[in-house]
Amino acid sequence: MQKVTKETYIKWYEDMLFWRKFEDKLAAVYIQQKVRGFLHLYNGQEAILAGALHAMDLSKDKMITAYRNHVQPIGMGVDPRRVMAELYGKATGTSQGLGGSMHIFSKEHGFYGGHGIVGGQIPLGAGMAFGDKYHGTGGVTICCFGDGAARQGSLHETFNLAMLWNLPVVFVCENNGYAMGTSVKRTANHEEVWKLGLGYEMPCGPVDGMDPVKVAEAFDEAIKRARSGGGPTFLELKTYRYRGHSMSDAQHYRTKEEVEEYKKIDPITQVKDIILKKKYATEADIKKIDKRVKDLVSECEKFAEESPFPEKNVMYDVVYEQEDYPFLQHKL
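We now examine the sheet that holds strand S2 (residues 141-146). Sheet architecture is open: five strands sit in the order S1-S2-S3-S5-S4, paired in parallel fashion. Among the strands making up the open sheet, the edge pair consists of strand S1 (62-64) and strand S4 (204-208). On average, adjacent strands in this sheet sit at an angle of 25 degrees to one another, irrespective of strand direction. Sheet topology places S4 next to strand S5 (residues 233-238); five bridges connect them, and they run parallel. Bridge pairing in S5 places Pro-206 opposite Glu-236. Along the sheet face, helix H6 (residues 153-164) touches S2, strand S3 (169-175) and S5 and points at about 150 degrees away from the line of S3. Contacting S2, S3, S4 and S5, helix H7 (residues 212-227) runs over the sheet at an angle of about 170 degrees to S5.

Next comes the structure, spelled out in structure tokens:
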């Protein structure tokens, strides 16, 4: 793993702050009905992405995740203006406005979604890893899902085959405690989700998902294992989301006091405190970063606002059609 340096901490702070403010802006425009449908925000979980990216090789590694997927493609190199435009349903979006919030995608940058089906990305992630092994690319797939998806039967089928075929994949449960709105305590007779890997003799363990350094170290070990032919790893990243499951979530299942308690270990604040304590940057430097972030968010909003909606024919152009399909030919 690359050494965690002064530059790393400053990059982490700027990246995580941008991701947070980018989604705060999305929340604001959602209320104005400029973004429609569902909107699932990543606020609080940014250390997972920051740490993972530090350990990944973006020239060949891939990532696939669920519908809480706006900031991951940005971290992997997708233009944030295009991500915001996609949420607005505009033609300049990552999928020409046809995917929306839950289906951001960029093959160019190794980000394969954005999946609305709970747990649907788990077997897909293993399939991507199978492709890398088959073609000998040396790439590793990071397959992320939430604690709710960990209860899906497809996870067990996938874990079994991933171990049987020794696939280069890192399975990541981003455990924010509540799935859609039900505590982990109420969905199984144990709270240690990582232990699901034990039944398949898969290397597994818990990680502090609020600390990017610990996240980076765990990912580095898992990715090296996968890349060297050692097979899958299952990591449970213990994290917390400050907003609801989606924008329509009334959050009756937890108290405001609990949320405030977790904000005391906010990953962005933790990184900022280290930067100032170790004198990696001054308060004036931090303010300059804050302004850059604010300006970039405004630029993304302006781009999305001014972009055109896609032409109606685009909806039909992307629907699969085979005129000579053998079972649908009618004889006169």
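What follows continues from the structure just given.
Counted according to the given criterion, the structure contains 20 salt bridges. Between Lys-34 and Glu-305 there is a salt bridge whose closest N-O contact spans 2.8 Å. Here Lys-34, found in the loop between helix H1 (6-31) and helix H2 (46-55), pairs with Glu-305, found in helix H10 (residues 283-306); they are 271 residues apart in sequence, far enough to count as distant. For Lys-34, a relative accessible area of 32% corresponds to the partly exposed category. Each of Arg-20, Glu-46 and Asp-266 takes part in salt bridges that share partners, so that together they form one network.

Where empty space is left becomes clear once a probe the size of a water molecule has been rolled over the atoms. Here the largest pocket defines a volume of roughly 360 Å³. Lining the largest pocket are 16 residues; nearest its centre among them are Asn-175, Asn-176, Gly-177, Glu-191 and Tyr-262. Its residues assigned to classes, the lining of the largest pocket comprises six nonpolar, five polar and five charged.

Moving on, we get to the packing of H2 against H7. Running from N to C, H2 and H7 cross one another at 45 degrees; their axes reach a closest spacing of 7 Å. Comparing their axes, H7 and H2 come out oblique. Note on packing geometry: the crossing formed by H2 with H7 is right-handed. Contacts from Ala-47, Ile-48, Ala-50, Gly-51, Ala-52, His-54 and Ala-55 in H2 reach Pro-212, Val-215, Ala-216, Phe-219, Asp-220 and Ile-223 in H7.

Next up on the list: the side chain of Asn-175. Following the sequence through the fold, Asn-175 ends up in strand S3. By relative accessible area, Asn-175 is classed as buried at 7%. Not counting the four nearest positions on each side in its chain, Asn-175 is found in contact with Asp-147, Val-184, Glu-191, Val-193, Glu-236, Leu-237, Lys-238 and Thr-239.

Here we take up the pairing of S2. Of all the six residues making up S2, five are buried; the element is thus mostly covered by neighbouring parts of the structure. As judged from the three bridges shared by S1 and S2, these two strands associate in the parallel manner. Following the sheet pairing, Lys-62 is matched in S2 by Thr-141. Here S2 runs beside S3; their pairing, made up of six bridges, is parallel. Counterpart to Cys-144 in the pairing with S3 is Val-172. Note on the crossover from S2 through H6 to S3: the handedness is right-handed.

Burial analysis of helix H4 (residues 80-87) places six of its eight residues in the buried class, the great majority of the element. Buried within H4 we find Pro-80, Val-83, Met-84, Ala-85, Glu-86 and Leu-87. Where the residues of H4 are buried, they touch H1, helix H3 (71-75) and H10. Structurally, the start of H4 carries an N-cap: the backbone nitrogen of Arg-81 is 2.9 Å from a side-chain oxygen of Asp-79. The positive-phi residue at the C-terminal boundary of H4 is Gly-89, with phi of around 75 degrees.

This part takes up a nonpolar patch on the surface. Together, Leu-98, Met-315, Tyr-316, Val-318 and Val-319 line one region of the surface with nonpolar side chains, adding up to about 520 Å² of accessible area. Assignment of secondary structure puts Val-318 in the segment after helix H11 (313-317). By relative accessible area, which is 51% here, Val-318 ends up exposed.

Among the 10 residues in H2, 10 count as buried, and that is most of the element. When we look at burial in H2, the residues that qualify are Glu-46, Ala-47, Ile-48, Leu-49, Ala-50, Gly-51, Ala-52, Leu-53, His-54 and Ala-55.

Right, let's talk about the environment of Ser-246 for a bit. Mapping Ser-246 onto the fold places it in the loop between S5 and helix H8 (256-263). Each C-alpha atom, one on Ser-246 and one on Glu-86, is 18 Å from the other, the two residues being 160 residues apart in sequence. If near-sequence neighbours (up to four positions away) are discounted, Ser-246 is found in contact with Leu-39 and His-40.

The final tally for this structure, using the stated rule, is one cavity of 30 Å³ or more. Empty space within the largest cavity amounts to approximately 30 Å³. Considering the residues around the largest cavity, the lining is formed by Tyr-42, Ile-48, Leu-49, Met-63, Gln-72, Cys-144 and Glu-174. Each residue belonging to the lining of the largest cavity can be placed in one class, and the counts come to five nonpolar, one polar and one charged.

Thresholds applied
- Residues numbered from 1 in each chain as written.
- Predicted model: local features only at pLDDT ≥ 70, side-chain atom pairs only at ≥ 80, totals over all residues.
- Heavy atoms only, no water.
- Pairing = 2+ DSSP bridges.
- Helix = DSSP H or I, 4+ residues; strand = E, 2+ residues; numbered from the N terminus.
- Axes fitted to C-alpha atoms, helices over the stretch in contact; angles between N-to-C directions.
- Contact = heavy atoms within 4.5 Å.
- Salt bridge = Lys/Arg side-chain N within 4 Å of Asp/Glu carboxyl O.
- Buried < 20%, exposed > 50% of the residue type's maximum accessible area, 1.4 Å probe, protein only.
- 1 Å grid on protein atoms, 1.4 Å probe; cavity = no way out; pocket = protein on both sides within 12 Å on 5 of 7 lines; lining within 4 Å.
- Points joined across faces, edges and corners; volume = space filled by probe spheres on them.
- Nonpolar A, V, L, I, M, F, W, Y, C, P; charged D, E, K, R; others polar.
- Parallel < 35°, antiparallel > 145°, perpendicular 65-115°, else oblique.
- Left-handed = near helix turned anticlockwise from the far one by under 90°.
- Right-handed = clockwise from strand over helix to strand, strands pointing away.
- Polar contact = N/O pair within 3.5 Å; in protein donor to acceptor, adjacent residues only side chain to side chain.
- Patch = residues over 30% accessible without salt bridge, like charges linked within 9 Å, V, L, I, M, F, W, Y side chains within 5 Å.
- Areas by Shrake-Rupley, 256 points an atom, 1.4 Å probe, with all protein chains shown as cover.

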